[in-house]
Amino acid sequence: MKGFLVKYKRAFLFSLVFSLVCFGFMLTHFTITIDEETWILANQPSLLWLLQGRFSVWLFDLVFTREGNFAPFLWDFLSVVCWHFSGVVFAYALLGKEKVKEWQMFFFTAYYASLPFVVGEILSFSMFNLQVCTAMVAVAFGFVYSIRFVEGRGKKDAGLAFLLLLYSFAIYQALICVYVTGVVAYCLLKFVKREEKGLLRFIVTCAVLCAAAAAVYYGIDMIIWHFSGTAGYLEENYIGWFSENWKAMFAASVLNVGRVSFSIPYEGEYIYGGEVIRCVTVLFVIYAVWLFFRRRGAKDKLGVFFYTAALCIAPFVMYLLLATYKTHGRMLLAIPLAGAVQIYLIFSAIRRNVVKKAMIMLVSYLLFLNARNMNMIYYYGSIAYQRDATTASQLMYDIQRAGMDYHAKPIAFVGMVQPDELPVQKSDTLGGSIFAWDEGNVSRMKDFLRTQGYAVTAASAEMIGRAAAEAESMTSWPQEGSIREVDDMIIVKFSQPTEKWYSVNNVVTE
């Protein structure tokens, strides 16, 4: 691998610089996005990661953090570097024995590290983006050791692959798709070169390693859940088999594979930066059709169809197994790898210089779109953060001006602050407002106010219930009469509470 890194050092250096440019706004503008407010000032041990089935994150935090606090800039910068390096390792595993030009290697690693729908979303969660990115590196090396084991290097390689995959899956279960996509990409590349010999053994070996790591992970997780409990709300949100009509849910998840791949808007939901994913998918479909008609014989044609279709579906394996219709980029971590392989295959099939130059210009434009979209989505997120920071400052000013001591009494927030409608886009939590999330999450608001320097405490569910009743006669903030102090708490009414508000804040209605 050392020789590989030296050979393509300029391609990797330029793609790393490009990736840092893509994340330039994020790295230079500090913000607090959804979920980050919970961790940055946490002052006591938490079992939250264990409850979510991510015990490797809990172990990582135990070693490298204090109560799970993340370090602004450092975490994000290291995450960008680690994600990019995982792409380099995948490039070595898949293309290390190929005669690849430097510019092709640049496009492979640059695309892999710049897709905003996936990389932008997952890296927006600073409280665990570094953990996920180290796991991406672990998956990539696990894939390398899987190849070495199949090539007969020794049982030690199988053990290393297993341990690396186990660590990765315990960080984030969606990383299973990354390994599966790597296996499918390896098989497709071998098939295109007519080197099918040994592919079945490779597939079976990798399947056994992946299944073993996943099984051990779930076994450990069940033991942990036995003692600590589980965050059941995650299962209810993401596993379609729990739905009353799971068949319809499964059908929806299948259709969503095409919806994401071709970036098709649906009921107001869109794939951020999806025009790039759509373009790459269309080009790969054209390539697959060309390869299909180029091959002779039913067996070869069937192989083309199977492997090309498998590469398109592989990033969505967990999607289909869970039968979920959710379209979160942070769940689809294998899309950049699949796209990078697709771009390489398209380039490798082009023989005419004119067409190749046109394709280079097109892919360069797609990378420009990735860089533009990445910086813009973090800018939109910064707008939301600055607005929330201003809301927090004005709110606490009003409370103190009224002579209320928020140190002595907890605050119960009723309803939510409806943000102004602006021509900005959102991607998952990026661009979301703390004061409007979940239609008014009291715990999140409390944590966010603490990040702004206000040592507030949140009211209990029982207090919040009484506050909702008291707020019936109050006006909505920032009007006069929207803040009221009672015996044991301070009540702030933002709006009329919704059913979701009652559910999120565990308030029982009579």
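What counts and what doesn't
- Throughout, a residue's number is its position along its own chain's written sequence, starting from 1.
- It should be noted that, the model being predicted, local features are given only for residues of pLDDT at least 70 and side-chain atom pairs only at 80 or more, the latter also being counted only at that level, while totals for whole chains, interfaces and linings use all residues.
- For the side-chain quantities, the full set of heavy atoms in the structure was used; hydrogens and water were omitted.
- Computed over the protein atoms alone on a 1 Å grid, cavities are sets of points where a 1.4 Å probe fits but cannot get out and pockets are open sets with protein on both sides within 12 Å along at least five of seven lines; a residue lines them when it has an atom within 4 Å of a point.
- Grid points are joined across faces, edges and corners, and a volume is the space filled by probe spheres set on the points.
- By the criteria applied, helices consist of DSSP H or I runs no shorter than four residues and strands consist of E runs no shorter than two, each listed in order from the N terminus.
- Here the nonpolar group is Ala, Val, Leu, Ile, Met, Phe, Trp, Tyr, Cys and Pro; Asp, Glu, Lys and Arg are the charged ones; every other residue, Gly included, is treated as polar.
- Burial classes follow relative accessibility: with a 1.4 Å probe on protein chains only, a residue under 20% of its type's maximum area counts as buried, one over 50% as exposed, and anything between as partly exposed.
- Contacts are assigned to residue pairs with any non-hydrogen atoms lying within 4.5 Å of each other.
- Within 3.5 Å is the distance limit for a polar contact, defined as a pair of N or O atoms, with the added protein rule that one can donate a hydrogen and the other accept it, and that residues adjacent in sequence qualify only through two side-chain atoms.
- Here a strand pair is declared whenever DSSP counts at least two bridges between the two strands.
- For salt bridges, the criterion is a side-chain nitrogen of Lys or Arg within 4 Å of an Asp or Glu carboxyl oxygen.
- UniProt positions are given in the numbering used here, feature names are shortened, and annotations may be inferred rather than shown by experiment.
- Whenever a helix is involved, its axis is fitted only over the stretch in contact; in every case the axis is a line through C-alpha atoms, and angles between N-to-C directions fall within 0 to 180 degrees.

Visitor: Could you give an account of the layout of surface pockets, with specific residues and numbers?
Guide: There is about 430 Å³ of room inside the second largest pocket. Lining the second largest pocket are 17 residues, and of these V192, K193, S348, A349 and R351 lie nearest its centre. Elements with a contribution of two residues or more to the lining of the second largest pocket: α12 (175-192), α16 (274-294) and α19 (335-349). Its residues placed into classes, the lining of the second largest pocket shows eight nonpolar, two polar and seven charged.

Visitor: Which residues make up helix α21 (residues 442-451), and what values go with them?
Guide: Residues that lie three or four places apart on an α-helix share one face, since the helix turns once every 3.6 residues. Burial analysis of α21 places seven of its ten residues in the buried class, the great majority of the element. Contacts made by the buried residues of α21 are with α4 (36-39), α20 (353-401), β1 (411-414), α22 (461-470) and α23 (499-504). Where α21 begins, one side-chain oxygen reaches toward the backbone nitrogen of S443, 3.1 Å away; that side chain belongs to N441. Looking one or two residues past α21, G453 carries a phi angle of roughly 100°, positive in sign.

Visitor: Let's hear about the pairing of strand β3 (residues 490-493): which residues, and what values?
Guide: Burial along β3 is two-sided: the face carrying I490 and V492 and the face carrying I491 and K493 are both buried. Across four bridges, the pairing between β1 and β3 is parallel. Counted as the bridge partner of F413 is V492 from β3. Looking at chain direction, strand β2 (residues 483-485) and β3 are connected through three bridges and run antiparallel. If you follow R484 over to β3, its bridge partner there is I491. Counted between consecutive antiparallel strands, the loop separating β2 from β3 contains four residues.

Visitor: Which residues make up unusual backbone geometry, and what values do they have?
Guide: Cis rather than trans, the peptide bond between W477 and P478 has omega equal to 15°. With respect to the element layout, P478 can be found in the loop between α22 and β2. The backbone of E67 shows a phi angle near 60°, a positive value even though the residue is not glycine. Among the secondary structure elements, E67 is positioned in the loop between α6 (55-64) and α7 (74-95). Relative accessible area serves as the criterion here: at 30%, E67 is assigned to the partly exposed category. Positive phi is not limited to glycine here, since D428 has a value of about 60°. Looking at the secondary structure, you find D428 in the loop between β1 and α21.

Visitor: A description of the pattern of salt bridges should follow, citing residues and the corresponding values.
Guide: This model, assessed by the stated rule, comprises 20 salt bridges. In this structure, the salt-bridge partner of E151 is K97, at a minimum N-O distance of 2.8 Å. Pair noted here: E151 is in the loop between α10 (129-150) and α11 (155-171) and K97 is in the loop between α7 and α8 (102-112), with a separation of 54 residues, a long-range link. Note on E151: relative accessible area 35%, which makes it partly exposed. A salt bridge links R372 to E275; its shortest N-O distance comes to 3.5 Å.

Visitor: Summarise the UniProt feature "transmembrane region" (unreviewed entry) in the protein chain; cite the residues concerned and give the values.
Guide: When the UniProt feature table is mapped to this numbering, "transmembrane region" (unreviewed entry) covers residues 12-34, 73-94, 132-150, 162-187, 199-220, 270-292, 304-325 and 331-350. For residues 270-292, helix accounts for 83% and strand for 0%, while the C-alpha atoms at its two ends are 31 Å apart.

Visitor: Summarise the sheet that holds β1; cite the residues concerned and give the values.
Guide: Pairing is mixed in the open sheet, where three strands are placed in the order β1-β3-β2. Looking along the sheet, the strands with just one partner apiece sit at the ends: β1 and β2. Averaged over all pairs of adjacent strands, the angle between their axes in this sheet comes to 20°, without regard to strand direction.

Visitor: Pulling in residues and values, what's your account of α8?
Guide: Among the eleven residues of α8, eight are classified as buried, and the element is accordingly described as predominantly covered. Among all positions in α8, only Q104, M105, F107, F108, T109, A110, Y111 and Y112 are buried.

Visitor: Lay out the environment of E485 with the relevant residues and their values.
Guide: Looking at where E485 falls in the secondary structure, it is placed in strand β2. Taking the relative accessible area as the measure of exposure, E485 reaches 36% and is therefore partly exposed. Here the alpha-carbon distance between E485 and D405, two residues 80 residues apart in the chain, equals 9.4 Å. When sequence neighbours within four positions are dropped, the list of residues in contact with E485 reads M404, K409 and I490. Among the polar contacts listed, one links the side chain of E485 to the side chain of K409, at a separation of 3.1 Å.

Visitor: Describe empty space enclosed by the protein, listing the residues and the values that go with them.
Guide: Tallied over the entire structure, the rule returns four cavities of 30 Å³ or more. Estimated volume of the largest cavity: approximately 140 Å³. Of all the secondary-structure elements, those providing two or more residues to the lining of the largest cavity are α15 (246-261), α16, α17 (298-313) and α19. No other element matches α19, which puts four residues into the lining of the largest cavity. When its residues are assigned to classes, the lining of the largest cavity shows ten nonpolar, four polar and no charged. The volume enclosed by the second largest cavity comes to roughly 60 Å³. I32, T33, G381, Y385 and G432 are, among the 13 residues lining the second largest cavity, the residues nearest its centre. Of the residues assigned to the lining of the second largest cavity, the class counts are six nonpolar, six polar and one charged.

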